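# Observations on the model geometry
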Amino acid sequence: MTGRFISLEGGEGAGKSTQAKRLAEALGARGIATLVTREPGGSEGAEAIRGLLMQGAVARWSPHSEALLFAAARADHVEKLIRPALGAGTWVICDRFIDSSRAYQGVAGGIDDAAVLALHAFGSRGMLPDRTFVLEVAPEQGRARAEVRDGAEADRFAARGNAFHADVAAAFRRFAAHEPERVRLIDASGTPETVTGALLANLADLLA
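Everything numeric here is computed off the predicted structure, so don't read it as measured data. (Residues numbered from 1 in each chain as written. Predicted model: local features only at pLDDT ≥ 70, side-chain atom pairs only at ≥ 80, totals over all residues. Heavy atoms only, no water.)

## Some points on the overall build of the protein
In terms of regular secondary structure, the protein is built from 9 helices and 5 strands. When the helices and strands of the protein are placed in sequence order, the string is β-α-β-α-α-β-α-α-β-α-α-β-α-α. Against the globule reference of 17 Å for 208 residues, the protein gives a C-alpha radius of gyration of 16 Å, in line with a compact fold. A burial count over the protein gives 46% of its 208 residues as buried. Contacts spanning at least 24 positions in sequence make up 79% of the contacts within the protein whose residues lie at least 6 apart. (Helix = DSSP H or I, 4+ residues; strand = E, 2+ residues; numbered from the N terminus. Rg over C-alpha atoms; globule rule 2.2 N^0.38 Å. Buried < 20%, exposed > 50% of the residue type's maximum accessible area, 1.4 Å probe, protein only. Contact = heavy atoms within 4.5 Å.)

This is how it looks when you write it as structure tokens:
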């Protein structure tokens, strides 16, 4: 049996990493084999590219360069880790996937969505998650969480201004409106337990 592919999206400090782990534990308790991974990263090649993307000055890479680097990292991640795991029947839970490129480099970075998807079609053969959850929190709550998490070590994306992050949030909401079967908005302002419960409720059809 082929596994299911779940991605978690959202702005900085939305709780994606926490919920990926909690969701894996909840599915594991149901006897489902799970694998938690992240983007950029997840495979040896993709982790090497992650270092290039996440470190340095905000202006280190243009949106077009970022899009190419993310597409390369994702292609390796999909080939080396995600597809083999799904083929073995494992549920893969990924902290960010293609929708982050569409939001960050696409809408907020000024690149046409079709161009971002064309890179994805070439590099990762257009692979999409079975379900994508966009974790939503108020900007001030997300920023406070990110500051506690990162301290003075904010990466190139967390360090960007409020207008950029507002564009990212609007992009995710747009994706959810256009693809309601795949992309679901989740209120992530509550307790971790409440948020995990909402994720599981929105996976009921895939768990049946």
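## Some words on empty space enclosed by the protein
For the structure shown, the criterion picks out 1 cavity of 30 Å³ or more. By volume, the largest cavity is sized at about 40 Å³. Lining of the largest cavity is provided by A67, A71, R74, I98, S101, V116, L119 and H120. At the level of secondary structure, the elements contributing two or more residues to the lining of the largest cavity comprise α3 (63-87), α4 (98-107) and α5 (113-124). Along the lines of polarity and charge, the residues of the lining of the largest cavity split into 5 nonpolar, 2 polar and 1 charged. (1 Å grid on protein atoms, 1.4 Å probe; cavity = no way out; pocket = protein on both sides within 12 Å on 5 of 7 lines; lining within 4 Å. Points joined across faces, edges and corners; volume = space filled by probe spheres on them. Nonpolar A, V, L, I, M, F, W, Y, C, P; charged D, E, K, R; others polar.)

## So, the sheet that holds strand β1 (residues 5-10)
Read across the sheet, 5 strands follow the order β2-β3-β1-β4-β5 without closing on themselves; strand pairing throughout is parallel. Looking at the sheet topology across the chains shown, the edges are occupied by β2 (34-38) and β5 (183-187). Pairs of neighbouring strands in the sheet enclose a mean axial angle of 25°, with direction left out of account. For β1 and strand β3 (residues 91-95), the ladder comprises 4 bridges, and the chain directions are parallel. Among the inter-strand pairings, S7 is bridged to a residue of β3, identified as C94. Sitting on the sheet, helix α1 (residues 16-29) is in contact with β1, β2, β3 and β4 (131-136), with an inclination near 170° to β3. Where helix α8 (residues 192-201) meets the sheet, its contacts fall on β4 and β5, and the angle it forms with β5 comes to roughly 155°. (Pairing = 2+ DSSP bridges. Axes fitted to C-alpha atoms, helices over the stretch in contact; angles between N-to-C directions.)

## Concerning the packing of helix α2 (residues 44-54) against α3
Interaxial distance between α2 and α3 falls to 8 Å at its minimum, and their mutual angle equals 160°. As far as their axial angle goes, α3 and α2 are roughly antiparallel. The element α2 and its partner α3 pack so that their crossing is left-handed. Facing α2, whose interface residues are G45, A46, I49 and L53, α3 presents E66, L69, F70, A72, A73, D76 and H77. For the contact of α2 with α3, the residue count by class is 7 nonpolar, 2 polar and 2 charged. (Parallel < 35°, antiparallel > 145°, perpendicular 65-115°, else oblique. Left-handed = near helix turned anticlockwise from the far one by under 90°.)

## Details of the packing of aromatic side chains
Scanning the model with the defined rule gives 3 aromatic pairs in all. Here F172 and F175 contribute two aromatic rings whose centre-to-centre distance is 6.3 Å and whose plane-to-plane angle is 85°, an arrangement assigned as edge-to-face. Of this pair, F172 and F175 both sit in helix α7 (residues 162-178), 3 residues apart, roughly one helical turn. Given the relative accessible area of 3%, F172 is considered buried. Judged by its relative accessible area of 4%, F175 is buried. Seen from the ring of F97, R74 lies directly overhead, with NZ or CZ sitting 5.4 Å from the centre. The positively charged end of R102 is found above the aromatic ring belonging to F175, 3.9 Å away from the centroid. (Phe/Tyr/Trp six-rings, centres within 6.5 Å; stacked < 30°, edge-to-face > 60°. Lys NZ or Arg CZ within 6 Å of the ring centre and 35° of its normal.)

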